[in-house]
Amino acid sequence: MTYSDAGVNIDRATLAKQEIKRLVRETFSENVLSDIGGFGALFRAEFSSWRDPVLVSSVDGVGTKLKIAVATGIHHTVGYDLVAHCVNDILVQGARPLFFLDYIAMGKLVPETVAEIVRGLVAGCRESGCALIGGETAEMPDVYAPREYDLAGFIVGIVERGRIIDGRQIRPGDRVLGLPSLGLHTNGYSLARKLLFDVAGWTVDTFVAELGCTVGQELLKPHRNYLPPLSPLLDKGWIKGLAHLTGGGFLENIPRILPDGCAVEIHLGSWPVLPIFALLERLGQLDLMEMYRTFNMGIGLVIIADPAQSDLILDSFRARGEACYRIGQVIEGDRTVRLTPP
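Residues numbered from 1 in each chain as written. Predicted model: local features only at pLDDT ≥ 70, side-chain atom pairs only at ≥ 80, totals over all residues. Heavy atoms only, no water.

A. Spatial organisation of the overall build of the protein chain. Looking only at helices and strands, the protein chain has eleven helices and twelve strands in total. Relative to the compact-globule value of 20 Å for 342 residues, the protein chain shows a C-alpha radius of gyration of 21 Å, a close match. Each of the three principal axes of the protein chain carries a C-alpha extent, and together these read 70 × 60 × 35 Å. Out of the 342 residues in the protein chain, the part that is buried amounts to 52%. In the protein chain, the proportion of contacts linking residues at least 24 apart, taken out of those at least 6 apart, comes to 83%. Of the roughly 15,300 Å² of accessible surface on the protein chain, 51% is carried by carbon and sulfur atoms. (Helix = DSSP H or I, 4+ residues; strand = E, 2+ residues; numbered from the N terminus. Rg over C-alpha atoms; globule rule 2.2 N^0.38 Å. Buried < 20%, exposed > 50% of the residue type's maximum accessible area, 1.4 Å probe, protein only. Contact = heavy atoms within 4.5 Å. Areas by Shrake-Rupley, 256 points an atom, 1.4 Å probe, with all protein chains shown as cover.)

B. Spatial organisation of the nonpolar core. Formed by 52 residues in total, the largest nonpolar core has its most connected members in Phe100, Val118, Leu230, Ile303 and Ile313. If we skip the residues at most four places from it in the chain, valine 118 touches Ile20, Leu23, Val24 and Ile104. Counting 43 residues, the second largest nonpolar core, distinct from the first, contains Phe250, Leu251, Val264 and Leu280. (Core = buried A, V, L, I, M, F, W, Y, C linked by side-chain atoms within 4.5 Å.)

C. Helix H9 (residues 275-284), seen in detail. Listing the buried residues of H9 in full gives Ile276, Phe277, Leu279 and Leu280. Viewed end-on, H9 has its buried residues packed into an arc of 160°, placing them on one side of the element. Turning to H9, the residues buried within the fold contact helix H5 (189-199), strand S6 (207-208), helix H6 (215-219) and helix H10 (288-294). Among the residues trailing H9, glutamine 285 stands out with phi positive, at a value near 50°. (Arc of directions from axis to C-beta.)

D. How the structure looks around unusual backbone geometry. Of note, histidine 185 is a non-glycine position whose phi angle comes to about 60°, a positive value. Judged by relative accessible area, which is 0%, histidine 185 ranks as buried. The phi dihedral of arginine 335 is positive, around 55°, even though this residue is not glycine. Looking at where arginine 335 falls in the secondary structure, it is placed in the loop between strand S11 (325-332) and strand S12 (337-340).

E. Structural detail: the packing of H5 against H9. One can describe the packing of H5 onto H9 by two numbers: an axis separation of 10 Å at closest approach and a directional angle of 65°. As for the relative orientation of H5 and H9, their crossing is left-handed in sense. For the pair H5 and H9, the contacting residues are Ala192, Leu195, Leu196 and Val199 in the first and Ile276, Leu279, Leu280, Leu283 and Gly284 in the second. Across the contact of H5 with H9, the residue classes tally to eight nonpolar, one polar and no charged. (Axes fitted to C-alpha atoms, helices over the stretch in contact; angles between N-to-C directions. Left-handed = near helix turned anticlockwise from the far one by under 90°. Nonpolar A, V, L, I, M, F, W, Y, C, P; charged D, E, K, R; others polar.)

Any functional reading would require information that these geometric values do not contain.
What follows is the structure, given as structure tokens:
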């Protein structure tokens, strides 16, 4: 017997890695000291211009959004989503990315699919000034079905210790701002799929007038990368806290950055809620708290600042043509989120 007889094709893996090498070199800088294919990736961090640098790391995936990629045969968007998600997770502490690694596991390795995923990874890394320096592509026939795969990303970024954004200075009276999302991003897909496919009986190819596109197109809308719009503000000292609204929505993510004695009041109706959320709420007859615990509701990133600086932040976004909304305020409380009607 050979390894191929057991379902693992080394020749196919080699073909995929050759294409990966060609793609990821587009993200390399002079700090990358190794090529793709080594046992370890080498990155020379330049610390001479930093006073007290701190490395910030994170690892994440894109959840069951991968099921939509498989169903539609569109794979580059989830690669981009993965980078954006990881970039945002370190961005909320004030960090800018240095390098990224990925993990792709498939039931049957398809070089064309791997290449599409990596194209999305490369696009996200280039947008973020981040080097894609390595990863793993695994063929696991007894773990994943032939067309199924899993995807994870690992990121390392850097921030000056004195510029770390950790929420410690948040106080009652501070303002809460929101940057809009493009759709579901990468959370709530297990519930969304159940409602759209099982309850409504639609497929990825069903056109829904309320959405203005097919179900597949809606569910593959990208996870927004907030580094480009937020980068000009990171070194100004205006921001007290940032929360990335991923799994857990408003109710679970905002409390992660609140100090003791603080809560947040969110003013419903202060930003445009995307049509997909109204549709899901109706299909599942979901209550308000469930919606705001599961989904981002049209806000992907929350900013907390004192009143004067929140006005400066709003002016900065508006001057650059970026949407930003006043969505609430910090109040006295026990690190919770309260929803107030319009």
